[in-house]
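Examination of the molecular architecture
What follows is the residue order along each chain.
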Amino acid sequence: MTDRLANVKQLVILFFVLCFSTSTAAQRLVTLEGKAQGTYYIIKYLSDDTTSLEHAVDSLFADIDQSLSLYKPGSLINRFNNGNRVQMDHHMQSVVKRSLEISKASNGAFDITVKPLVDIWGFGVRKPTVQKIPAADTLQRILQYVGYKYLQVHGQQLTKKKKGVEIDCNGIAQGYTSDVMGRLLEQKGIMNYLVDVGGELCSKGHNQHGKVWTVGIERPATDDNAYPVQALLALDNKAITTSGNYRRFFDQGGTRFAHSIDPISGEALHSNIISVTVIARDAITADGFDNALILMGVERGLSFISQHPAYGLEAYFIYKDEKGKIQERFSPGFEKLLIR
């Protein structure tokens, strides 16, 4: 009886695998790509439906921009920054709610009220002719208006407790957009996809080969004179984002100042950290925490992850040691996802 039961189980498993492989193979890989939110997007998914989703994707990007884009004069975020309160739509409500949660968890290392600091450092909408370090007294004056505790949410209404407070959601909005694009695909019956909005990715299901989606990351070469090496990472129903000092920065006095701004000190990132790549259950969480973790640094960042398992975070730091040599550190769960 036991042998017969085992045989039945094997047949059921084999039947499931064959059905899954057949259904996946019958679907074709569709790729949508373009530019949005000041960056690129690439959406890959499996479908047997030939109907194009390009219009639905473009419409969703437009809706999110109308809510969260600092480049659109009439957007909800600009209306809030120019006034005292705003009635949020579901996009803004989702992003603000998650932002405040991450701010509290990270003790303010991530904070969307950082906008005045972003502007004074020259990383905002209006680009200065010459980017330079702001005066110390200027930073101290601006810091009076920075702090997530100055924001108050009542239902759909967002209110500022202090005049002069402004928000910038660019540190989390692209991760949110990736998640929302994934949900759009699921609403269309698509359960196998990989969404990449400006390097903030989320995945579900399998690729056209019936395997877990893989993404490439750069790792430092073992030889100091060699180029970085490419490594593959298995992204099994997870999201991955990266924050670093190589995208937007300026150099002054032999020091590189990156666009990640510390909301507590007012300083632009100028540490030994080159980048941090974060894995989480969704892209909005990974995107928000990658900003906080890069400011925390390697030791504090890895300690934070181990002490807060509920967030499901894994991280990979690239940094320079005391001798200027490039090094790397993983959280245990991140290293397990690397394909050897």
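Residues numbered from 1 in each chain as written. Predicted model: local features only at pLDDT ≥ 70, side-chain atom pairs only at ≥ 80, totals over all residues. Heavy atoms only, no water.

Examining helix 2 (residues 54–68)
Where we set the bar: The secondary structure listing takes helices from DSSP runs of H or I that are at least 4 residues long and strands from runs of E that are at least 2 residues long, numbered from the N terminus. Under the convention used throughout, the expected extent of a helix is 1.5 Å for every residue step, that is, one less than its residue count. Here, residues are in contact when the closest pair of their heavy atoms is within 4.5 Å.
Spanning 15 residues, helix 2 covers 21 Å between terminal C-alpha atoms, matching the ideal 21 Å at 1.5 Å per step. Looking at the buried side of helix 2, the elements it contacts are strand 1 (28–36), strand 2 (39–47), helix 3 (76–82), helix 4 (90–105), helix 7 (173–187) and strand 6 (193–197).

Examining the sheet that holds strand 3 (residues 85–87)
Across a sheet, paired strands are connected by hydrogen bonds in the backbone, their directions being either parallel or antiparallel. Just so we agree on the cut-off: Paired strands, as defined in this entry, are two strands with at least two bridges between them according to DSSP. Between the N-to-C directions of two axes lies an angle of 0 to 180 degrees, each axis being a line fitted to C-alpha atoms and, for a helix, fitted only over the stretch in contact.
Reading across the sheet, the three strands line up as 3-5-4 and stay open at both edges, with antiparallel pairing between neighbours. Strand pairing shows two members of the sheet lacking a second neighbour, strand 3 and strand 4 (151–154), which therefore form its edges. Looking at each pair of strands side by side, their axes are set apart by 15 degrees on average, direction ignored. Of the strand pairs in this sheet, strand 4 and strand 5 (residues 157–160) are connected by four bridges, and their pairing is antiparallel. The partner of Leu151 across the bridge, within strand 5, is Lys160. Most of the contacts of helix 4 go to strand 4, to which it runs at about 125 degrees, and overall it touches strand 3, strand 4 and strand 5.

Let's talk about the environment of Gln140
Structurally, the position occupied by Gln140 is in helix 6 (residues 136–142). Expressed as a C-alpha distance, the spacing of Gln140 and Gly266, which sit 126 residues apart in the sequence, is 7.7 Å.

Observations concerning the pairing of strand 15 (residues 314–320)
Operational definition: With a 1.4 Å probe rolled over the protein chains alone, any residue whose accessible area is under 20% of its type maximum counts as buried; one over 50% counts as exposed, and the rest are partly exposed.
Judged by how many residues are buried, strand 15 sits mostly within the fold: five of seven residues are covered. Where strand 14 (residues 273–280) meets strand 15, six bridges bridge the pair, whose relative direction is antiparallel. Paired with Ile279 across the bridge in strand 15 is Glu314. With five bridges connecting them, strand 15 and strand 16 (residues 326–330) associate as antiparallel partners. Counterpart to Tyr316 in the pairing with strand 16 is Phe330. Hairpin connection between strand 15 and strand 16: a loop of five residues separates the two successive antiparallel strands, and Gly324 in this loop has a positive phi of roughly 85 degrees.

All quantities given are derived from atomic positions and should not be read as evidence of function.
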